[in-house]
Each structure stands twice: as structure tokens, then as C-alpha cells.
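Coordinates in review
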Amino acid sequence: LSDAERERLLQACRASPNCYLLPVVVLAISTGMRRGEIMNLRWPDIDLRRGTILLTATKNDTSRSIPLTGLALPLLEDLAKVRRLDTPLVFYGTRPDKPMDLKKPWEAAVRQAGLEDFRFHDLRHTAASYLAMNGATTMEIAAVLGHKTLQMVKRYSHLAESHTHGV
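Notes on the structure in this doc start here. The model shown is predicted, which means the values in this text are computed figures rather than measured ones.

Quick look at the sheet that holds strand β2 (residues 52-55)
In space, the 3 strands of this open sheet follow the order β1-β2-β3, with antiparallel pairing throughout. Each end of this open sheet is capped by a strand with a single partner; those strands are β1 (46-47) and β3 (64-67). Of the strand pairs in this sheet, β2 and β3 are connected by 4 bridges, and their pairing is antiparallel. Paired with leucine 54 across the two strands is serine 65, which belongs to β3.

Right under this line is the structure:
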């Protein structure tokens, strides 16, 4: 996402009637977490005092700690103040034991933001590129995203090359 596209998307998320859309999208952009990791996020895995998330159920079965930066931390702090006590899920659905389905609110926000051919997973690429543009090393990006190979890190942070080379 360009800066303008990101702002349009975040504005559309703020305008959404779904109160979870903005925190979910901000988490995706800030952390590079996968949709499933975010939607299955549990309160016991979040340390608000330290500003970290510990992911134990990941795609590659390797736990990783993720820093909460920027707007992500205060958004989670706000949600913690009004959380349900009968579910460990942060983003629960109509049944508190199941994650919320954000497909329709997400698609509406993407349309409202004027983004074409943009999927939720593209937020993961955006996060990796932002990390690279802000000076994170390949190893740091791999650790945050949970990648085990250099090839995957390069695939996810490819936009940073054009940024650093002035193209």
C-alpha cells in the first residue's frame, strides 16, 4: 500500500459499522500476522504491559513473539477494557467460541478505499515492505513474519528494494 492507499483503507475501516475491522487491519499492517493468526488471537497470548503477542499456533508450527507498535497497542488496550470474560478470543463472532468472519466488512472497506485486486494477505506484504523501508534487517523481518528462508523474506519485502533504490 502506498501512504495514500493505507490512509484511505484505514479511514474506511474507521467508518465501518464493524468495531473489530480497524484493530484487525492495523494489527495486520503493524505485525505482518496472517489473517488466521489474528482472527484466532487469544487474550492470554497478549502481554499489553510489554507490548508483545506470543503466537504459538502458526502455519509453520514455530512459536514467535511479535512486538505491538504504533496504533496496534492502544487499539488492543481499548478492546481489553471491554472484553468478554466468557471467551479467550479477542475477535469473537456471534458465538463467543468462534472467531468473527470479517469477509464482508473487509470487502466493503476495500471497495470504499478504492483499492483494486487487494486481498487481506496483501497486508502481510505491506508489513514486510514497511519493515524493510524502516531499516529492519532480513533476519528481523524473518523473525517477525515467521519465515524460515531468505527467499520467502525477499518475496514478502520486495517493494522495499524500489523504495531504497529511488525507483
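So, next bit.
Considerations on helix α6 (residues 122-133)
Taking 1.5 Å of rise per residue, 12 residues should cover 16 Å, and α6 covers 16 Å from first to last C-alpha, within 8% of that figure. Along α6, 10 of the 12 residues are buried, which leaves the element largely enclosed by surrounding structure. Among the residues making up α6, those that are buried are Asp122, Leu123, Arg124, His125, Thr126, Ala127, Ala128, Ser129, Tyr130 and Ala132. With its phi angle positive at about 95°, glycine 135 sits one or two positions after the end of α6.

Some points on the packing of aromatic side chains
In total, this model carries 4 aromatic pairs according to the counting rule given. Between tyrosine 20 and phenylalanine 91, the aromatic rings sit 5.4 Å apart at their centres with planes inclined by 80°, giving edge-to-face as the arrangement. Of this pair, tyrosine 20 sits in the loop between α1 (3-15) and α2 (21-31) while phenylalanine 91 sits in the loop between α4 (72-81) and α5 (103-113), and the two are 71 residues apart along the sequence. We note that tyrosine 20, like phenylalanine 91, is buried. Taken together, a centroid distance of 5.2 Å and an interplanar angle of 75° make the contact between tryptophan 106 and phenylalanine 120 edge-to-face. Taken together, the positions of tryptophan 106 in helix α5 and phenylalanine 120 in the loop between α5 and α6 put the pair 14 residues apart, joining distant regions of the chain.

Calculation notes
Residues numbered from 1 in each chain as written. Predicted model: local features only at pLDDT ≥ 70, side-chain atom pairs only at ≥ 80, totals over all residues. Heavy atoms only, no water. Pairing = 2+ DSSP bridges. Helix = DSSP H or I, 4+ residues; strand = E, 2+ residues; numbered from the N terminus. Expected span 1.5 Å × (residues − 1). Buried < 20%, exposed > 50% of the residue type's maximum accessible area, 1.4 Å probe, protein only. Phe/Tyr/Trp six-rings, centres within 6.5 Å; stacked < 30°, edge-to-face > 60°.

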